[in-house]
Amino acid sequence: MQLRALTLALATLTASATLATLPAHAQTAAPAATAVSAVDFKAVAAHYAALVHANYSDTLAAAKDMQSAIAEFVKAPSAEGLEKARKAWLDAREFYGQTEAFRFYGGPIDDDKGPEGQINAWPLDEAYVDYVTGKPKAGMVNNPKFKITKATLIKANERGGEENISAGWHAIEFLLWGQDQSDTGPGNRSFEDYVKGKGENAERRAQYLTVATELLVDDLTAMVKAWAPNARNYRTKFEKGGKESVRKIIVGLGSLSRGELSGERMEVALNSQDQEDEHSCFSDNTHRDVVTNAMGIQNVWLGQYTRRDGSQLQGPGVRDLVAARNPTLAEKTSAQLAASVAGAEAIPAPFDRAIVKGSAGRPAIEKTIASLVEQSKLLVESASAVGIAKLTLVEP
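A few words on the overall build of the protein chain. Across its full length, the protein chain carries 15 helices and four strands. Relative to the 2.2 N^0.38 estimate, which gives 21 Å for 396 residues, the radius of gyration of the protein chain is 21 Å and therefore close to what a compact globule would have. Seen along its three principal axes, the alpha-carbon backbone of the protein chain occupies a region of about 70 × 55 × 40 Å. In the protein chain, which comprises 396 residues, the proportion classed as buried is 56%.

Set out below in structure tokens:
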């Protein structure tokens, strides 16, 4: 989704909503703040860099597991193999979703040359990639003149329109699940689409899935390298940025809270009630996308992250910096972020049914949107508390 930038004067944004009583798990989500005497801009930026590297590393490892599952599937297509590949995609998304908090300030993922558009762009026009109902010859898969390589997929991505997505998570998702034509579940592509002699252009479809997955792994590898320690890379510059780096961190958190997550990913779908406007529409994984995005914001604020192996990464977060100046605001913001995560977890699946007017799940989406909007205001106040005078956030 394309977002427009809006400069927000801090003085105009104040928190006005009173927090509802939080469930027990939300009340205990935030650990005690790091000793404030040891926290400064440099420490927060350095720990943030370590957290980013850890999250991208876990995402890459999970994506490589997905790549292995896909390789096994296309080698010998079966219903069981397709299910394993789908599960690997879902597992990897749990980690990638949390990395969305590292965007929106011109870092390696989304600077002028950043690969974000070919990693996670959406919504995707299915007919641009493969056949759809009523158009059996649609898509690059079914066009023998289109040579399937990483270079051609990069060139084709968003060519002629922002919904012409050829690469990334959602192209892979569509190739695994197919169109979602069910009110109660995800897409149901047959494994026979990949069986030579049964699926039209089965070998080209397998090649496309393989190449798109390889490209995704390449792009995630680049993100890991950009944030690797002890290297001449973006991380080295970021750790030296001090206050400016913390400004970027808060811009990322606030922009994801308001512009992208509550706005483009939830409000748009809520208003249109259109399945095509949900984030992971083929797999019906949108409800988990919302949760992991909210968790990513909370991770950075608290300076904590749960690794893929279950270990805990903990250090000075933005919360600790704010607590040294305004402990009441720091705790209020922590509680609001916990409320957003709890709200997201309460959204029922499938998301495309929850957005329908009159559905039992719609109030949970509305409540989560309201919480995310409120937390964006508190994040701006928090920036002011640490002496950051203005933020340029994205609005929906």
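Structure's up, so let's keep going.
What follows concerns a negative patch on the surface. Negative charge collects at one region of the surface, where E158, E162, E163, D274 and E276 lie side by side. Mapped onto the elements, E158 comes out in the loop between α6 (150-156) and α7 (169-177).

Our next topic: the packing of aromatic side chains. Throughout the structure, instances matching the rule amount to 13 aromatic pairs. For the pair Y48 and F102, a centre-to-centre distance of 5.9 Å together with 85° between the ring planes defines the contact as edge-to-face. On the criterion of sequence distance, the pair formed by Y48 in helix α2 (residues 41-75) and F102 in the loop between α3 (79-99) and α4 (116-119) is long-range, its members being 54 residues apart. The exposure classification of Y48 matches that of F102, with both residues buried. Feature note: the residues Y48, Y56, F102, Y105, W227, Y234 and F238 constitute an aromatic cluster, connected by ring pairs. Positioned over the ring face of F41 is R325, at 5.8 Å from the centre of the ring.

Our next topic: the pattern of salt bridges. Working definition: two side chains of opposite charge can pair if their charged atoms are close together. According to the stated counting rule, one finds 27 salt bridges in the structure shown. A salt bridge links E100 to R265; its shortest N-O distance comes to 2.4 Å. Residue E100 is found in the loop between α3 and α4, and its partner R265 is found in helix α10 (residues 243-272); the two are separated by 165 residues along the sequence. The structure contains a network of salt bridges with shared partners spanning E100, R103, D110, E116, E260 and R265.

Bringing unusual backbone geometry into the picture now. In this structure, the amide linkage connecting W122 to the following residue, P123, adopts the cis form with an omega of -5°. Within the secondary structure, P123 sits in the loop between α4 and α5 (126-129). Of the consecutive residues A349 and P350, the connecting peptide bond is found in the cis state with omega at 0°. The phi angle at N201 is positive, at roughly 55°, despite the residue not being glycine. By secondary structure assignment, the location of N201 is in the loop between α7 and α8 (202-226). At D284, a position not held by glycine, the phi torsion is positive, near 55°. Looking at the secondary structure, you find D284 in the loop between α10 and α11 (286-302). Among the residues examined, D284 registers a relative accessible area of 8% and is labelled buried.

Grouped together as the largest cluster of nonpolar side chains are 113 residues, with contacts concentrated most on Y48, W169, I172, Y208, W227 and I365. Tallying contributions element by element places α2 first for this core, with 16 residues. Here W169 is in contact with T59, A63, M66, W89, A92, R93, Y96, I119, N120, L216 and L220, once residues within four sequence places are set aside.

It is worth spelling out the environment of I250 at this point. Relative to the helices and strands, I250 resides in helix α10. For I250, a relative accessible area of 1% corresponds to the buried category. With 51 residues separating them in the primary sequence, I250 and W301 have C-alpha atoms 8.6 Å apart. Among residues more than four places away in sequence, those in contact with I250 are V318, L379, A383, I388, L391 and L393.

Take the side chain of R204 next. Within the element layout of this structure, R204 appears in helix α8. D130 provides the closest opposite charge to the buried, unpaired R204, separated from it by 8.7 Å. Setting aside chain neighbours within four positions, we find R204 in contact with M140, V141, N143, P144, F146 and I148.

With respect to the element layout, V290 can be found in helix α11. Judged by its relative accessible area of 3%, V290 falls in the buried class. The residues touching V290, leaving out its near neighbours within four places in the chain, are L261, M266, A344 and I347.

What follows deals with the packing of α2 against α10. One way to put it is that α2 packs onto α10 with a least axis distance of 8 Å and a crossing angle of 55°. Accordingly, the angle class assigned to the pair α2 and α10 is oblique. The interaxial crossing formed by α2 with α10 has left-handed handedness. Together, F41, V44, A45 and Y48 of α2 and K243, S245, V246 and I249 of α10 make up the contact between the two elements. Split into classes, the residues belonging to the contact of α2 with α10 amount to six nonpolar, one polar and one charged.

What counts, and at which threshold
Residues numbered from 1 in each chain as written. Predicted model: local features only at pLDDT ≥ 70, side-chain atom pairs only at ≥ 80, totals over all residues. Heavy atoms only, no water. Helix = DSSP H or I, 4+ residues; strand = E, 2+ residues; numbered from the N terminus. Rg over C-alpha atoms; globule rule 2.2 N^0.38 Å. Buried < 20%, exposed > 50% of the residue type's maximum accessible area, 1.4 Å probe, protein only. Patch = residues over 30% accessible without salt bridge, like charges linked within 9 Å, V, L, I, M, F, W, Y side chains within 5 Å. Areas by Shrake-Rupley, 256 points an atom, 1.4 Å probe, with all protein chains shown as cover. Salt bridge = Lys/Arg side-chain N within 4 Å of Asp/Glu carboxyl O. Lys, Arg positive; Asp, Glu negative; His and termini not counted. Charge placed at Lys NZ, Arg CZ, Asp CG, Glu CD. Phe/Tyr/Trp six-rings, centres within 6.5 Å; stacked < 30°, edge-to-face > 60°. Lys NZ or Arg CZ within 6 Å of the ring centre and 35° of its normal. Core = buried A, V, L, I, M, F, W, Y, C linked by side-chain atoms within 4.5 Å. Contact = heavy atoms within 4.5 Å. Axes fitted to C-alpha atoms, helices over the stretch in contact; angles between N-to-C directions. Parallel < 35°, antiparallel > 145°, perpendicular 65-115°, else oblique. Left-handed = near helix turned anticlockwise from the far one by under 90°. Nonpolar A, V, L, I, M, F, W, Y, C, P; charged D, E, K, R; others polar.

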